[in-house]
Amino acid sequence: MNKCIDINCLFKVQYGLYIVSSTLDNKLNGQIATTVMQITNCPIKFSICLSKNTLTHEMISKSKVFAASVLSQNAPMAFIGKFGFKSGRELDKYKNTKFEQNITGCPLTLDYSLAVLEGKVSQTLDLNTHTIFVGDLLSAKRIATGTAMTYEYYYTVIKGKSPENAPTYVK
Ligand SMILES: Cc1cc2nc3c(=O)[nH]c(=O)nc-3n(C[C@H](O)[C@H](O)[C@H](O)COP(=O)(O)O)c2cc1C
């Protein structure tokens, strides 16, 4: 690591915790991501950054649609673990997870969710290990009131970790 980089400074950047999901050939899948943000206002575009290793990345690359669910602070580690440390290549993550579908067919995750968004991919940026997908927002719906989970809360209070695919992973 470059000695000019104090990695702790990156913990001062605030992120939320989201479930990013997609659908392809009637299969549904989703994963935890910190990298969801609104990037333009008119029209509204939002972006995500996913590792090329994940099944969700593979599905979004092909289907060109994705959704994001804003997780509440009360999401338990077992739930985060299912979406953030396991792959849909091994299990059906939506088997015991509440969801609904709207315009894109992506699963809009309802468990521990404050709001759900979905969109259609308009641009991509290849970052070698990861891809940034930019989406045009097609629907946004409030699910519950509450406080959104931040990465800082997950890391300092829940004592959660990040796996290697996550940009927040530290060796
Ligand atoms: C706190 C946390 C943050 C994460 N952030 C991201 C992220 O921003 N991008 C990413 O590609 N993976 C991220 N991950 C890792 C994926 O959620 C993980 O690799 C998942 O198992 C992929 O599932 P899939 O193969 O079913 O798509 C994160 C995981 C955790 C626990």
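Residues numbered from 1 in each chain as written. Predicted model: local features only at pLDDT ≥ 70, side-chain atom pairs only at ≥ 80, totals over all residues.

Draft legend 1. Spotlight on the overall build of the protein chain. In terms of helices and strands, the protein chain carries 3 helices and 9 strands. Starting at the N terminus and ending at the C terminus, the protein chain contains elements arranged as β-β-β-β-α-β-α-β-β-β-β-α. Taking 16 Å as the expected radius of gyration for a compact globule of 171 residues, we find that the protein chain reaches 15 Å, a close match to that expectation. Seen through its principal axes, the protein chain has C-alpha atoms that stretch 45 × 35 × 35 Å. The long-range share in the protein chain, meaning contacts at least 24 apart out of those at least 6 apart in sequence, stands at 67%. (Helix = DSSP H or I, 4+ residues; strand = E, 2+ residues; numbered from the N terminus. Rg over C-alpha atoms; globule rule 2.2 N^0.38 Å. Contact = placed C-beta atoms within 7 Å.)

Draft legend 2. Broad picture of the nonpolar core. Counting residues in each nonpolar core, the largest one holds 29 residues, and the members touching the most others are Y18, V20, I48, F66 and L71. The element that contributes the greatest number of residues to this core is strand 5 (residues 65–71), accounting for 6 residues. Apart from residues no more than four positions distant in its own chain, L71 is found in contact with L17, Y18, I19, Y112, S113, A148 and M149. (Core = buried A, V, L, I, M, F, W, Y, C linked by C-beta atoms within 7 Å. Buried ≥ 20, exposed ≤ 12 C-beta atoms within 10 Å, placed from the backbone.)

Draft legend 3. Up close: the pairing of strand 4 (residues 44–51). Bridge analysis of strand 3 (residues 37–41) against strand 4 gives 4 bridges, and the strand direction is antiparallel. Bridged to N41 within strand 4 is I44. In sequence, strand 3 turns back onto strand 4 through a hairpin of 2 residues. Here strand 4 runs beside strand 9 (residues 130–142); their pairing, made up of 7 bridges, is antiparallel. Paired with S47 across the bridge in strand 9 is V134. (Pairing = 2+ DSSP bridges.)

Draft legend 4. Molecular detail of the site of the ligand. Residues in close proximity to the ligand total 27 residues, the closest being T54, T56, G84, S87 and A166. Looking at the shell around the ligand, the elements with two or more residues in it are strand 2 (27–33), strand 4, helix 1 (55–63) and helix 2 (77–84). Tallied by class, the residues present in the shell around the ligand amount to 12 nonpolar, 14 polar and 1 charged. (Near = placed C-beta within 6 Å. Nonpolar A, V, L, I, M, F, W, Y, C, P; charged D, E, K, R; others polar.)

Draft legend 5. Inspection of the sheet that holds strand 1 (residues 18–24) at higher detail. As summarised here, the arrangement of the 7 strands in space is 2-1-5-8-9-4-3, forming an open sheet in which the pairing is antiparallel. Each having just a single partner strand, strand 2 and strand 3 make up the two edges of the open sheet. For this sheet the average axis-to-axis angle between neighbouring strands, irrespective of direction, equals 35 degrees. The sheet strands contacting helix 1 are strand 1, strand 2, strand 4, strand 5, strand 8 (113–126) and strand 9, and the helix crosses strand 1 at an angle near 50 degrees. Set on the sheet, helix 2 makes contact with strand 1 and strand 2; between it and strand 2 the angle comes to about 115 degrees. (Axes fitted to C-alpha atoms, helices over the stretch in contact; angles between N-to-C directions.)

Draft legend 6. Unusual backbone geometry, seen in detail. Along the chain, C42 connects to P43 via a cis peptide bond; the corresponding omega equals 10 degrees. Among the structural elements, P43 can be located in the loop between strand 3 and strand 4. Backbone geometry places Y112, a non-glycine residue, at a positive phi of 55 degrees. Looking at the secondary structure, you find Y112 in the loop between strand 7 (108–109) and strand 8. Here Y112 falls in the buried class, since 23 other C-beta atoms lie within 10 Å of it. Of note in this structure, K159 is not a glycine but carries a positive phi near 65 degrees.

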